[in-house]
Amino acid sequence: MRNIRDAGRPADLSVLRDAKRNPITFSQRILGQGPWRVQREILASVAANPLTAVKSCHASGKTYNAAAVALWFLLQWKESLVITTAPTFRQVKVMWGEIAEARKRSRIALPEASATELKLADKRYAVGLSTNDPNKFQSYHAAHVLILADEAQGILGAIWEAVEGIRAGGDVRVLMQGNPTVTGGHYQDAFGKNRGIWKTFTISAFDTPNLQGVTIEQLLAMTDDELAIAPAPYLVTRRWVKERYQRWGPNHPMYRARVLGEFPEQSEVSVYSLAWIEKASQEGPEIPNDGSVRVIQVGIDVAGPGEDETVLVARVGGVIIAQQTWSLPDPRGELSMALGQLRRRRGLVVGPVVVDTVGIGYHVGTHLRDQGYEVYGFNAGAAPL
């Protein structure tokens, strides 16, 4: 750590010595970051433990924090290797965007990074790998290795087997983090049957600076001005959490995963996992530029009075473009409005509308058919044709 800049003056050597030992000091004094409580605890864990696992709510700042870990580790030893990985190359680049920003803020002058690589020397570098090929991991070894697994809930078991090959020798540490949207597998096992070998952290939205000390009852009663209070505006906001509570409710798997940082209570015999549904919702469909249109397919599960919800899901090909729910005894008006909004989407046309026509659903299907939609009745309890 010799090439130091501090507004044109050498930095205090005692700060540099402390930063080398302590990633919290490194984050604060070298990168100018302000890690909040759980972020500090995660930084300290990577310095002290070989295995650290984090499950968190949406927008908790975990990737921002991991970028500090990557640079701190890379600067500790002359032979050091940092490998960042995620399920897709796009997600790998998100991590590297944070690393690039942290490098710019650093008081230690670092070389320019490429899209997914930062090299200080032949045996001192960081690299980003997506997880589509376990063989990519087999050639990476060093005396000191840090593996940063972002969005770890989507990383396949074969990749974790390759990681174990790296961990067989040397000082190898792992930080895996993500949103707990997947039940089962290596990621959840770190918080379950393998908890004894992992240092684990759970970040709820109510742990973050914007909601710390706030109860759900207080949040629901807040005014617009109170909802706008955000000491850390880049983290999950009060308003978003309130909206998700009102939209999903406290027992919805998405609320548990995205707000509370908890694994959803999902049966092993579920037809579709929450992770599959989320993946289908991540990116919009391609809209043709040649004047042609793509067809929206809609499925509606109708519920009557009570706690159950009427659900509408619209997709184009394999991509979900809309999901809405209503707790109403008669949802026909809301369904008509939702379909009308889909009709107005550029380059798309509403095609088949499949309605569960058992019970009250029959009247909903008739109502939509009268409005000109191509309605197909569906009875899940009927015998196969």
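Residues numbered from 1 in each chain as written. Predicted model: local features only at pLDDT ≥ 70, side-chain atom pairs only at ≥ 80, totals over all residues. Heavy atoms only, no water.

A. Structural view of the overall build of the chain. Tallying secondary structure elements over the chain gives 14 helices and twelve strands in all. Considering only intrachain contacts with a sequence separation of at least 6, the fraction spanning at least 24 residues in the chain is 64%. For the chain, the computed accessible surface area is about 19,400 Å², with 50% contributed by carbon and sulfur atoms. (Helix = DSSP H or I, 4+ residues; strand = E, 2+ residues; numbered from the N terminus. Contact = heavy atoms within 4.5 Å. Areas by Shrake-Rupley, 256 points an atom, 1.4 Å probe, with all protein chains shown as cover.)

B. Quick peek at a nonpolar patch on the surface. Together, V293, V295 and V349 give the surface a local cluster of nonpolar side chains, amounting to about 220 Å² of exposed area. Take V295: it is sitting in strand 8 (residues 294-301). (Patch = residues over 30% accessible without salt bridge, like charges linked within 9 Å, V, L, I, M, F, W, Y side chains within 5 Å. Salt bridge = Lys/Arg side-chain N within 4 Å of Asp/Glu carboxyl O.)

C. Highlighting the environment of I300. Relative to the assigned elements, I300 resides in strand 8. Residues contacting I300, with those up to four places away along its chain left out, are T310, V311, L312, L335, V353, V354, V355, D356 and L368.

D. Broad picture of the environment of E309. Along the chain, the position of E309 falls in the loop between strand 8 and strand 9 (310-316). Separated by 15 residues in sequence, E309 and Q324 place their C-alpha atoms 9.6 Å apart. Sequence-distant contacts of E309, defined by excluding residues within four places in its chain, comprise R247, D301, A303, T325, W326 and S327.

E. Region of the structure containing the packing of helix 4 (residues 62-74) against helix 5 (residues 89-105). Two numbers describe how helix 4 lies on helix 5: the axes approach to 8 Å, and their chain directions differ by 60°. With respect to each other, helix 4 and helix 5 are oriented oblique. The element helix 4 and its partner helix 5 pack so that their crossing is right-handed. Counted together, T63, Y64, A66, A67, A70 and L71 of helix 4 and V94, M95, E98, I99, A102, R103 and R105 of helix 5 form the full contact between these two elements. Tallied by class, residues from the contact of helix 4 with helix 5 come to nine nonpolar, one polar and three charged. (Axes fitted to C-alpha atoms, helices over the stretch in contact; angles between N-to-C directions. Parallel < 35°, antiparallel > 145°, perpendicular 65-115°, else oblique. Left-handed = near helix turned anticlockwise from the far one by under 90°. Nonpolar A, V, L, I, M, F, W, Y, C, P; charged D, E, K, R; others polar.)

F. Broad picture of the sheet that holds strand 6 (residues 171-178). Pairing within the open sheet is mixed, and its seven strands lie in the order 3-4-2-5-6-1-7. Of all the strands in the sheet, just strand 3 (117-121) and strand 7 (199-203) have a single pairing partner and so form its edges. Adjacent strand axes in the sheet meet at a mean angle of 15°, parallel and antiparallel pairs treated alike. Contacts from helix 3 (residues 37-48) reach strand 1 (51-56), strand 5 (144-149), strand 6 and strand 7, with the element oriented near 165° to strand 7. Packing of helix 6 (residues 157-167) onto the sheet brings it into contact with strand 1, strand 2 (80-86), strand 5 and strand 6, and relative to strand 6 it is tilted by some 155°. (Pairing = 2+ DSSP bridges.)

G. Quick look at the pairing of strand 12 (residues 374-378). As judged from the five bridges shared by strand 11 (residues 348-356) and strand 12, these two strands associate in the parallel manner. Note on strand 12: the bridge partner recorded for D356 is F378. The β-α-β motif built from strand 11, the intervening helix 14 (residues 361-370) and the parallel element strand 12 has right-handed crossover chirality. (Right-handed = clockwise from strand over helix to strand, strands pointing away.)

H. Seen up close, the sheet that holds strand 8. An order of 10-9-8-11-12 is seen for the five strands of this open sheet, with the pairing classed as mixed. Of all the strands in the sheet, the pair left with one neighbour each is strand 10 (319-326) and strand 12. Across this sheet, the average inter-strand angle for adjacent strands is 20°, counted without regard to direction. Against the sheet, helix 13 (residues 332-343) makes contact with strand 8, strand 9, strand 10 and strand 11, and its axis sits at roughly 160° relative to strand 10, the strand it touches most.

I. Quick look at the environment of N132. Secondary-structure assignment places N132 in the loop between strand 4 (124-130) and strand 5. Given a relative accessible area of 59%, N132 falls into the exposed group. (Buried < 20%, exposed > 50% of the residue type's maximum accessible area, 1.4 Å probe, protein only.)

J. View of helix 4. Counted at 1.5 Å a residue, the expected span for helix 4 with its 13 residues is 18 Å, and the 18 Å between its end C-alpha atoms agrees. Burial runs high along helix 4: twelve of the 13 residues are buried. For helix 4, every residue scored as buried is listed here: K62, T63, N65, A66, A67, A68, V69, A70, L71, W72, F73 and L74. (Expected span 1.5 Å × (residues − 1).)

K. Highlighting the confidence of the model for the chain. The pLDDT averaged across the chain works out to 88; a share of 88% of its residues lies at or above 70. Within the chain, strand 1 carries the highest mean pLDDT (98), whereas helix 12 (residues 274-281) carries the lowest (56). Low pLDDT, under 50, characterises residues 1-10; the stretch is placed with 21 contacts to residues that sit more than four places away or in other chains. (pLDDT = per-residue confidence, 0-100.)

L. Local environment of the pattern of salt bridges. Counting across every chain of the model gives eleven salt bridges. In this structure, E101 engages K104 in a salt bridge whose closest nitrogen and oxygen atoms are separated by 3.6 Å. Within this pair, E101 and its partner K104 are both found in helix 5, separated by three residues, close to a single helical turn. Exposure remark for E101: the relative accessible area of 38% places this residue in the partly exposed category. In this structure, E164 engages R167 in a salt bridge whose closest nitrogen and oxygen atoms are separated by 3.1 Å. With E164 and R167 both in helix 6, this residue pair falls three residues apart, about one helical turn. You can call E164 partly exposed: its relative accessible area is 39%.

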